[in-house]
Each structure stands twice: as C-alpha cells, then as structure tokens.
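Chain by chain, the residues:
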Amino acid sequence: MQLRDYILRRVIILPILILGVSIIVFVLTRVGGSPIGIYLSHEMTPDEVAQIEARFNLDQPVWVQYIYWARGIFQGDFGWSGVAAAPVTDVFPNKLAATMELAIASGLVAVFLGISLGTYAGARRNRLPDHATRIVAVSGASLPQFWFGILLLIVFWANLGLAPIGRSDASIWSSISHPTGIYTVDAILAGSISAFWDAIWHLILPALTLGYGATAIIARMMRSSLVEELQQDYVDAARAKGLAERIVLRRHARRNALVPTVTVIGLTFGFLLQGTITVEIIFRWPGLGRWMADSVLRGDQATLMTYVLFTSVLFLLVNLVVDVIYAYLDRRVTLGK
Amino acid sequence: MTESYKPSLQPWQSGEARESALRVRLNRFMGLIQRLVSNPTTVMGLAVIVSMIGIAIFAPWIAEPNFPDPYQMPRDWGAVRKPPGTPGHILGTTNVGGDVFYGVIWGSRKSLQLSLMVVGSTVVIGTIIGSLAGLLGGWVDEVLMRIVDVFLSIPELIFALAIAAVLGPSFTNIVFALSVVLWVKYARIMRAQVIQTKQNEYVDAARVIGDSKLNIYLRDILPNSITPVTVQATLDMGNVVLIGATLSFIGLSEAGIAEWGVLVSEGQAGIASGRWWASTFPGLMIFLWALAFNLVGDGLRDALDPRTEGR
Amino acid sequence: MQPVDQEKAVQARPRPASVASVRNLRVYFQSKRGMVHAVDGVSFDIYDGETLGLVGETGCGKSVTGRSFLKLLPVPPGKIASGSIQFKPHATCRNCDGNGCPSCEGTGRQSAANSRGRSNEKGIRDSVDAEIVELLEIGREEMRRIRGDRIAMIFQDPGKALNPTLPISEQLSEVFLLHRTSELLEAAGLPASTGGALRRFASQEQRFGDSLLMALPPNRAFRNRLVGALNKMVIEALGDTQVPNPAKLMARYPHELSGGMKQRVMIAQALACNPDILIADEPTTALDVTVEARILELIKELQKKRRTSVLYISHDLSLVRRICDRVAVMYAGKVVEIGSTDAIFRDPRHPYTRGLISAVPSAGARRGELAAIRGTVPELVDPAPTCRFAGRCPFEADSCRRFEPELKPVSNGHAVACFIDSAAPSGRQPTFQSAAV
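Residues numbered from 1 in each chain as written. Chains lettered and ligands numbered in written order. Predicted model: local features only at pLDDT ≥ 70, side-chain atom pairs only at ≥ 80, totals over all residues. Heavy atoms only, no water.

Q: Explain the overall build of chain B to me, please; I cannot follow it from the model alone.
A: From N to C terminus, chain B includes 12 helices and zero strands. For chain B, the C-alpha atoms occupy an extent of roughly 95 × 45 × 35 Å along the three principal directions. For chain B, the proportion of its 311 residues judged to be buried stands at 52%. The contacts of chain B with a sequence gap of at least 6 include a subset with a gap of at least 24, amounting to 74%. Accessible surface computed for chain B: about 14,400 Å², of which carbon and sulfur atoms make up 65%. (Helix = DSSP H or I, 4+ residues; strand = E, 2+ residues; numbered from the N terminus. Buried < 20%, exposed > 50% of the residue type's maximum accessible area, 1.4 Å probe, protein only. Contact = heavy atoms within 4.5 Å. Areas by Shrake-Rupley, 256 points an atom, 1.4 Å probe, with all protein chains shown as cover.)

Q: How do you make sense of the overall build of chain A when you look at a structure like this?
A: Helices and strands together make up the secondary structure of chain A, namely 13 helices and two strands. Projected onto the principal axes, the alpha-carbon positions of chain A cover approximately 85 × 55 × 35 Å. For chain A, the share of sequence-separated contacts (at least 6 apart) that also reach a separation of at least 24 residues comes to 73%. For chain A, the exposed area adds up to about 15,900 Å²; of that, 64% sits on carbon and sulfur atoms. Taken as two groups, the 27 positive and 23 negative side-chain charges of chain A have centres that lie 15 Å from each other. (Lys, Arg positive; Asp, Glu negative; His and termini not counted. Charge placed at Lys NZ, Arg CZ, Asp CG, Glu CD.)

Q: Any chance you could explain the sheet that holds strand β13 (residues 408–411) of chain C here in plain terms?
A: Working definition: the strands of a sheet are paired by backbone hydrogen bonds and lie parallel or antiparallel to each other. Residues and elements named next belong to chain C. The strand order across the open sheet formed by eight strands is β8-β9-β10-β3-β11-β12-β14-β13, and the pairing between neighbours is mixed. Edge positions in the open sheet fall to β8 (151–154) and β13, since each of these has one partner strand only. Each adjacent strand pair in this sheet contributes to an overall mean axis angle of 20°, direction not counted. Sheet topology places strand β3 (residues 51–55) next to strand β10 (residues 309–314); five bridges connect them, and they run parallel. Paired with Thr51 across the strands is Val310, a residue of β10. Against the sheet, helix α11 (residues 259–271) contacts β8 and β9 (277–281), and its axis sits at roughly 170° relative to β8. In the packing of helix α15 (residues 351–359) onto the sheet, the strands contacted are β11 (326–331) and β12 (334–340), and the crossing angle to β11 comes to about 105°. (Pairing = 2+ DSSP bridges. Axes fitted to C-alpha atoms, helices over the stretch in contact; angles between N-to-C directions.)

Q: Got a minute to help me understand the interface of chain A and chain B in this structure?
A: Much of the literature gives interface size as the accessible area that the parts lose upon coming together. Tallying the contact residues gives 47 residues for chain A and 44 residues for chain B. Between chain A and chain B, roughly 3,900 Å² of surface is buried when both sides are summed, and carbon and sulfur atoms account for 75% of that area. Area buried by chain A at its contact with chain B is led by Phe146, Trp147 and Gln274 of chain A, which between them contribute 16% of it. Linking chain A to chain B there are one salt bridge. Taking the shortest distance from any N to any O, the salt bridge between Arg220 of chain A and Asp298 of chain B comes out at 2.4 Å. Taken together, the links from chain A to chain B amount to seven residue pairs in polar contact (both at pLDDT 80 or more). Looking at the side of chain A that touches chain B, the elements with two or more residues in it are α1 (2–31), α5 (128–142), α6 (145–159), α9 (193–230), α11 (245–282), α12 (288–297) and α13 (301–329) of chain A. When residues of the side of chain A that touches chain B are assigned to their parent elements, the largest contribution, nine residues, is made by α13 of chain A. (Buried area = accessible area lost by both parts, 1.4 Å probe. Salt bridge = Lys/Arg side-chain N within 4 Å of Asp/Glu carboxyl O. Polar contact = N/O pair within 3.5 Å; in protein donor to acceptor, adjacent residues only side chain to side chain.)

Q: Looking at this structure, how should I read the packing of aromatic side chains?
A: Ring pairs (aromatic) are described by centroid distance and by the angle formed between their planes. A full pass over the atoms with the stated rule returns 21 aromatic pairs over all chains. An angle of 20° between the planes, with centres 4.6 Å apart, marks the rings of Phe146 of chain A and Phe249 of chain B as stacked. Of this pair, Phe146 of chain A sits in helix α6 while Phe249 of chain B sits in helix α10 (residues 227–250), each in a different chain. Neither residue differs from the other here; Phe146 of chain A and Phe249 of chain B are each classed as buried. Judged by centre distance (4.5 Å) and plane angle (50°), the ring pair of Tyr331 of chain C and Tyr352 of chain C falls under tilted. With Tyr331 of chain C in strand β11 and Tyr352 of chain C in helix α15, the pair connects residues that are 21 residues apart, well separated along the chain. (Phe/Tyr/Trp six-rings, centres within 6.5 Å; stacked < 30°, edge-to-face > 60°.)

Q: Help me out: how do you make sense of the pattern of salt bridges in this one?
A: Two side chains of opposite charge can pair, provided their charged atoms sit close to one another. In the structure shown here, the tally under the stated rule is 33 salt bridges over all chains. The partner of Glu174 of chain C in a salt bridge is Lys241 of chain A, with the nearest N and O atoms 2.7 Å apart. Of this pair, Glu174 of chain C sits in helix α5 (residues 168–179) while Lys241 of chain A sits in the loop between α10 (233–240) and α11, placing the two residues on different chains. Residue classification places Lys241 of chain A among the buried residues on the basis of a relative accessible area of 5%. Of the charged contacts, one joins Arg346 of chain C and Asp342 of chain C as a salt bridge, the two residues approaching to 3.2 Å between their closest N and O atoms. Taken together, the positions of Arg346 of chain C and Asp342 of chain C, both in helix α14 (residues 341–346) and four residues apart, correspond to about one turn of that helix. Across the pair, Asp342 of chain C and Arg346 of chain C agree in class, each one exposed. Three or more residues joined by partner-sharing salt bridges are found here, namely Arg26, Asp40, Lys334, Arg388 and Glu404 of chain C.

Purely geometric numbers; function is a separate question.
The structure is reproduced here in structure tokens:
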C-alpha cells in the first residue's frame, strides 16, 4: 500500500529529526556557560574543579559529552531545576497537566469556532459575513497574545471583576485531590459541581486569549479551501442531481474543504504550545510555560532544555499524526512524492 | 531536413528571449501595482506602514530624545503613574515615571530596526542556502534540507526563546535569535522556486550560449524565483515584531528600554490598580504594525496569484 | 447508422412536439469592463426524444445556455436577464402505468405530443405535475425537484464532476434518496406513510442523532432493508451503463476508475431517474477516441430506451454530425443557424457554419487545405447591434455592419441568421459571390 510506505518513511525520518533537535539543544546547553556552574564555587582549587569536570565527563571530547548527555536523557535524567528546587522530572507532569488543560481547551474551541466561521464565510463569499471573518482572521494573526490577554484582564478582571485570575479558588479546592492534574477532570472525578465550574471559570479567559489566534488561522484556511472546493465541477454536479444547497455544502464541499484544514490544525498545535508561555504569565497559570519563563529569567538551563526537547518531540509527533490523517483523508494527494 | 539539425534555440534568440522576458516582467510589475492599489485593505495597510516608518524616522522631532541614550525610557520622578491627558504626558506615565508617549514613538524605531535586521539577514541567508540546495541538488540538497527540517521541528518562539535565553537578555540577542530561527522558511521557499525556474526555456537558452553559471543564476533564475520570498518577507516584517515583542515581554530585552514588548510587560503590574494605559498603547502599536504588514502581505499574495484574479 | 430504422421511428411518432422551448434567452455576466452578453437572445426547441446538437467555439455561450436549464450559473456574476425556458415534462403512460407497453414503445412515458400533464394516480413518481413548467420562474425548491429527476446533466470532465472523497455508491445513492424516496420505502416493505427517522434516512435529511436512532433495534432492520433496496437501485442503474461487475464498482472511489468508467458512472447517475431531458456538456472531450465512441453509443441507446431528449453541447462538428438529429450553431451568444443535421451539413447557409464545416479535416481534402476562420471571437461586452460575425466573415457587406440579422427560416425547419438569405433593410447585401479573394 502507498499509504503504508508513506507512513513508514515518515516514521523512519522521525528519529533523525529528533536526533537533530537534540544536537541543537545540546549545543545550546554548551553555549550557555558551563553546565556544572551550579556545583562550583570560588573556594575550589583547580584540582577539585577538574575532579568535578571529570565526574560530568567534561574532560572528554565534545561528541563523547553529547553521548553521555543523550544517554542521561534516555535514562530519564533531565537534570535539576533550580527554579522548582527539584529534579525536572518530578515537577514536569504536574505542570504539563496544567498546560495541556489550557491548550486542549483552547484548541477545541479554535477548531470548532474556526471551522464554523470559515464555512460560514466561505459559503457567503464577498458578502458581509465573509468580510467580517476576514477581519477576525487577519486581526487574529496580528494580535499580540500577551496584549490581548492584558486587555481582557483590564476589562473583565480589573474593571468588571467578572473573571478570576490563576487556576483555581483555593477555598473550593481544599478538599479535592488531583489524580490527573487536569482540574476539570479532577472535579468531575470528585463529583463536585462547584469545583468544576470553578475550573471552567478560571479557564475561560486564558483559553479565549490562546484560542483567538488559532481560531483565526483555522477560519482563514477553512474559508479559502471551501471557496476553492465550491468552484469545483463536482459541486455543480451535486446541484444538478437536485441536492439542496445546504446538503451540497455540508456533505460535499465542506467535507472536502476540511481535508487541507487538517494540516493547519497540526501547525496550530505548535502555535498553541508556544502561546501558553505568555498566556500563563499573564493569567498566573501554573503550567509549563510559566515555569519555562521563570527558568529563562533565572538561568535554569535544565528546565529550559527539557522544555525545548519535549515541545519539539510533541510537535513532531502531532504533525506526523496530522500528516498521516491528511494522507488518509485526501485520496487525491500523490503519496511519497 | 534531418541532416541539418538545429538546436531549438539559437544564440541570437536568447538575447531576444531575455529582452522579452524583461518586458514581460515590467508589464507584470505594473499590473501588480495596479492590483495592489485596487484593494482597499492593502492601501490601508500601506498607509499604516508609511506612517509607522515616518514616526520611526522623525522620532527625535516628535519626542525629544532622552540623554544620553534615546532608546532608554526617560524617567520623570515627579510624574509617576499619571493617567493619559496629563500635560506633558499625553498618554500617561508608568510606575517609574516613564512617558508612555515617548515609548510608543521610540519603540517604532526599535521595531523597525528589529524587523529590518532580522528579515534582511534571514532573506539573504535563506535565499543563498535555498538556491544552493535547488541548484546543486544531490547530497548537498539532501543535507541542507534535513537541517531545515530539524530547524522547523522546534516551534519558532520556543526556539528563539531558548537561544536568546542562553545568550542572556538583550535586544541584540533577540535579533540574533530570530535570525537563527527564521531563515529556514526562506530556504525552503527558495529551493522550491529555483527547482521550478531552472526548467524554464530561457534558462536553457542562456545555457546554450554558454553563460556562466553565476550569470545564469543572477540574471535568469534569481529574479524569477524571488516573488514568493517577497510575500513571505512582507508578512515576516510584521511577524518578527510580534515574536520579538513577545520575547521582550517575557523579559529577554534590557529592562527600561523604549521597546513596545518591554513597555507592555512593565505596564502589566499596574492593571490591578486600574492603570490600563501603560500596557494598552504600546500593545496597540504592536498590533497595528503586525496588522499592516499582514494586510499588505495578503494583498501582495493575492495580486501575485493569478488564480485569485477576478475573485 | 441505420437511416431506415430512424425514418420508421420518425413516422411512427406523431409530429415532433417539443419538451422544452427556449425563447429569447439572455444571460449576462458582470465583469470589470462591463456586461458580458454571454447568451444574447437565444431561441430554440428541443423535440421529444431527439438529440439536439449545440455547436460553437469555446466561449460562444453554449455551455451557459445548457446550464440555464438547471439554473446552474454562478450568481453573481452571472444573471439570467430575460427570456423563458418552457419545459413540458412527460406524463406516465396511461396504458401501462409506467411499466412499459407497446403504445409507449416500452418507455412507460407518454410522448410530449399528447401529454396532458403528468398523471398523478400513483402519487409517487410525479414530483412535477404541471403541464408546462417555466424553468426560469419556478422557485428554488421546485427547481431542485426537477434537477436530476426530470432534467439531468453530465459534465465535460467526469474526473472533476465526481466527488473525489465519496465512493461511487454514495454518490449514486443520492439521486435515489432525493427523487425516489417513496419507491425506496416501498421496496423496503415500508408503508408510504412512514415518517420520522426512517423517512429522513430515505430522503437524505438526517438530523443530528438520527444515526443513533437508526442503529437501534426496531429501526435497524428497516435501515438494512432500505440500504439493500438502495443498493439494488444503484446496481441496476450502473448495470444499465454496461459497466462490468457493478456491485464491485460501488465501493470504489472515483480516482480508482478510468475516465470512461467515470463517465459511465456519471451517465448512470444522470439517467437514474429517467429524465426527460439530458444536458450533455461535451461529455467526451476529456476521453480518448475509442472510449468516446462507446460512450456515445451508450448515450444513444439509453436515450432511445427512455425517450429522453438530449441537448448535446459540443465544439466537435464531426461528432455532432454522427449523433444528432438536429443541430443549432451558436456564435458569440447567438444561434446563427439551426436545422436538421442533414440540412445543415448538406447546405449550410450561414458563413460561420460554412467556415466551421470546412475547418473540419476530412479524408477527401488535400493536404495543406485545412481551412481556418480568420480572426477571433469578438468580446461580448455590451455588443453593438450588428452581425456578430462581421469582421471575420469573408462575405460581409456594409449592411452586416449596420443591422443585426435575425433567425429566419429558409426551408422547413431550417433557419439562418444572415442577410445572405433574408435581405437587410438597406445597404449593400452580402452574397456568397462577394468573397474577397
């Protein structure tokens, strides 16, 4: 099967790309000063320093150092986080859960809203809804997320007092445990409606901030691919069969227009991931992004590099999955080219 | 007929072909301008860009430069946390008495510097590497493109953030980090274009008359491959400022400089006490800047794409 | 070709009645430079059971004319400015109730000649009851019911006219779900009064949650019966187009089929409901010659079986000569000559028709004698009232540049829009002798 070959090819390339990313990350760790800086002090003699260097294999050639470093990564040794005052691997899962909750919530909103808006605009090309969507799309791509978030806070938090900041209200959550770390799920598991609402309530503004740009990207793509599909002969052929316009749109054009939109959804994932950094700063959301930003400012390299490595691998995997779905959906694409 | 084989293109023909190619290009260019101007949103974007650049150029006359470093925010300790409309501080002041208006004006210089330097360097690097890959092909192409793939595997902002972080917080490092991250897009676009252009007849014509490879590249291939690069570059003029401001916002610029991202970040602290202005105005400038280049970039793409004609 | 049979058939039928008459149709397109008169006052009839060829160069308005029957124009920029298309649908044959009998030649239809509106006794098959339908004035819903049922269309490129992401069976089923809901219910053993999710399923009107309803026990069995009946209809329709192994074809996607196969699927889809008129817009242009011949044969055969009239749109004169009973020649948005195929090819009266015919290479012509019409088609932006062919015509005289010739009969059923046969009000008249050498 062609599709199988294509997937195979992509899966074979994946480790090569991950290797490349790891080399970049390794180079960055070496550029950013001695990796053993936190163990050194001025009172140490050169001999003692050399001893420590030897312990961390810094007396070896660079490529050997890389292999030791990579082996450590494989064994789950991501180093010590100065910011969290704990091994990176200890803190990571909790922060990841917080970030994922935010990213997934805004991702779902963006996919749903983006596709609806794009369809609505594309089906009414050059009319008012289309122009309105175009404004949303272009402004969404140009809007600095951190500014948009602050504007929302100014209005809804500082002035109207409608929205909370942070991730949860401690008084509500004091008796609820966190088996998953995803608060909405935790609340459901605990059977607490007030906690669930609290989780949603805290999620709305950050998800809106994060999701707006992604909505714009998806809506724009959906619109243009729908416009393209609507000009195809098969749409007229479907009309000639006697199909009602809404069925032509729903069953034929929109379905096919979704196919190229899928690839954009993959890219949007990267957009959402990197967007969490500023959004988490602004809304004091205790996730990976804010941890990352703190680490950047306080020179916590272990955290920074783990984060880069992790997001890149995640990004690669998501895009692999998306491309495979795309290839599967679109039987017109010539595979393996 | 069979004995006297004629190559499809004679030396004297190639000059003509090239001349007509030039004329065609000129006509196309005029048509392009016409289509650009006929799109109202593009014109709007252009107007904003022109005024932004105007503000950047005339900044010393609009807001008196701070001494000794005009890119450092002036501090007026006598007017701290003043709202917009305060005499002398029309857009208000920050926590530390920085004039928001001054930041808005001089920030445009920072943004112009940032976008010109980053887009300039990435276009040059990307074009050279993409052209090499496209022209030489074979293993050179393979290796270069795998490197490009690796660079594209790391989300832009996170990559730039990591580079800027290890180099230490400074505006120059942001410029450097963005240049390292963004050249790959151009390399990819350029490679695809060169491979396509290479197959054109006028390139064969130039080859037949024995033009040097460099000449063929500079005179025939490059000018015919560069259009998509210009579209991307236009869009990036906006994006770069967006990403750069984000990095500044996170804290990777020097504190206290007249840069929009820094100003938004520093103004953030005041919003709880109702001081909305310190973040709002600089952020608005970032938005307008990015919006203008996005509009023009879109307009340019539409104007260049024959398929959208008459839409 | 069997001229004897054809003659018999013509004699057996009463005088030709038209299933559709186009009168003074004008279709305009808004463009940046002004109104393009794509179709500018076209009139013709389609007779019952005939094949009418609509010939002309690219951009002469023939496709737009064809599409106007189904209102399949891009609106905006296109717009039907004026005119009428009257459609006289067939009635079910009274003697056999649509099952086929000698009096209706086995088609189950009454010929349009003695049609007195569609009988509605069965109350099922007739989605259109009116005696005469004004296609340009009916509402969207009525038009929707005519499309694919009474008037069907096949397109130029079968590869593009089939949805690439749906299997063949689903695309064909749509026609039955739309126009044969009652028959489907009947075939599945359900009462005609069936409503709810089942009916919605049988008419492709599913709502959110219906798929769940249909998967549950009481409906599930009926659904399977409906699907069975539907598949039977699809297989039958495909079988009619002589595709080998239609059952196997159903699960395929368009890109897995050859061009000829795809066009057969399109034809099966178009003829599934026994339409009264089939609009064939260059259906073989995208196919190679051997496939073309077979497709044409197929259309011809199915048409005869079903008493379907075909409007065959083509730029290929030799092809039109082979398959059409009558020919209308279009030029720059106007019909310039119309008549029986025989008359047109034996004695073409319009200079443009003559040019077209002599431009067709024939085995008899000597090498190097391939004639071409000089010049190009004029722009149709706000055209002046002159002969559209003036400027390209080898016979033109000054009257041609001052007046606009109208379609005037020259012999029985043969009409020409040229001053050669019917003199202009004044000025020097063109003749076939006046050709500039």
